[in-house]
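# Structural description and commentary
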Amino acid sequence: MCLALPARVISLDATGLSGQVDLGGVRKTVSFALLDEVAVGDHVIVHVGYALSRLAPDEAAQTLALFAELNAHHAQTSSEGSA
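Below, the structure is looked at part by part. (Residues numbered from 1 in each chain as written. Predicted model: local features only at pLDDT ≥ 70, side-chain atom pairs only at ≥ 80, totals over all residues. Heavy atoms only, no water.)

## Thoughts on the overall build of the chain
We apply this condition: To qualify as a helix, a DSSP run of H or I must reach at least 4 residues; to qualify as a strand, a run of E must reach at least 2; elements of each kind are numbered from the N terminus. The size measure is the radius of gyration over C-alpha atoms, and the globule rule it meets is 2.2 Å times the number of residues to the 0.38 power. Throughout, exposure labels follow a simple rule: accessible area from a 1.4 Å probe, protein chains only, divided by the maximum for the residue type, with under 20% read as buried, over 50% as exposed, and the rest as partly exposed. In these tables, accessible area is a Shrake-Rupley quantity obtained with a 1.4 Å probe, and a residue counts as shielded only by the protein chains included in the view.
When helices and strands are counted, the chain shows one helix and five strands. Here the C-alpha atoms of the chain give a radius of gyration of 15 Å, more than 25% beyond the 12 Å that 2.2 N^0.38 yields for 83 residues. Every one of the 83 residues in the chain was classed for burial, and the buried ones make up 22%. Counting every atom, the chain has about 5,600 Å² of accessible surface; 57% of that belongs to carbon and sulfur.

Next up, the structure:
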């Protein structure tokens, strides 16, 4: 199974072919070579260091909210199991 994550573009290099993204507070350098155009502030789907597609901001927000909900649920069930 593969996992691709939504990330927000925070910077581009001089060529625009790579740059930094923010993945929930983690900054990562990724390649934008597979996309036509990317701008700072865009949301992209990232898999193994490559931005695969652009994502609408509302769609990115929904996906990130779902991940946060899953994380909170996992943290709650983990703490209940160790009590």
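## A look at the environment of Ser-31
Note the following rule: The criterion used for residue contact is that any of the two residues' heavy atoms lie within 4.5 Å. Between N or O atoms, a polar contact is any pair within 3.5 Å; within protein, one atom must be a potential hydrogen donor and the other a potential acceptor, and residues adjacent in sequence are included only when both atoms are from side chains.
Here Ser-31 is to be found in strand 3 (residues 26-31). For Ser-31, a relative accessible area of 15% translates into the label buried. Sequence-wise, Ser-31 and Ser-18 are 13 residues apart; in three dimensions their C-alpha atoms are separated by 4.2 Å. Beyond its immediate chain neighbours, meaning those up to four positions away, Ser-31 contacts Leu-17, Ser-18, Gly-49, Tyr-50 and Ala-51. Here Ala-33 takes part through its backbone nitrogen, which lies 3.2 Å from a polar atom of the side chain of Ser-31.

## Considering the nonpolar core
The criterion, for reference: In these notes, a set of buried Ala, Val, Leu, Ile, Met, Phe, Trp, Tyr and Cys residues joined through side-chain atoms within 4.5 Å is what counts as a nonpolar core.
The biggest cluster of nonpolar side chains holds 10 residues, and these are Ala-7, Val-9, Val-21, Val-30, Phe-32, Leu-35, Val-38, Val-44, Val-46 and Ala-51. Discounting residues that sit within four places of it in the chain, Leu-35 has contacts with Val-44, Ala-51, Leu-52, Ser-53 and Arg-54.

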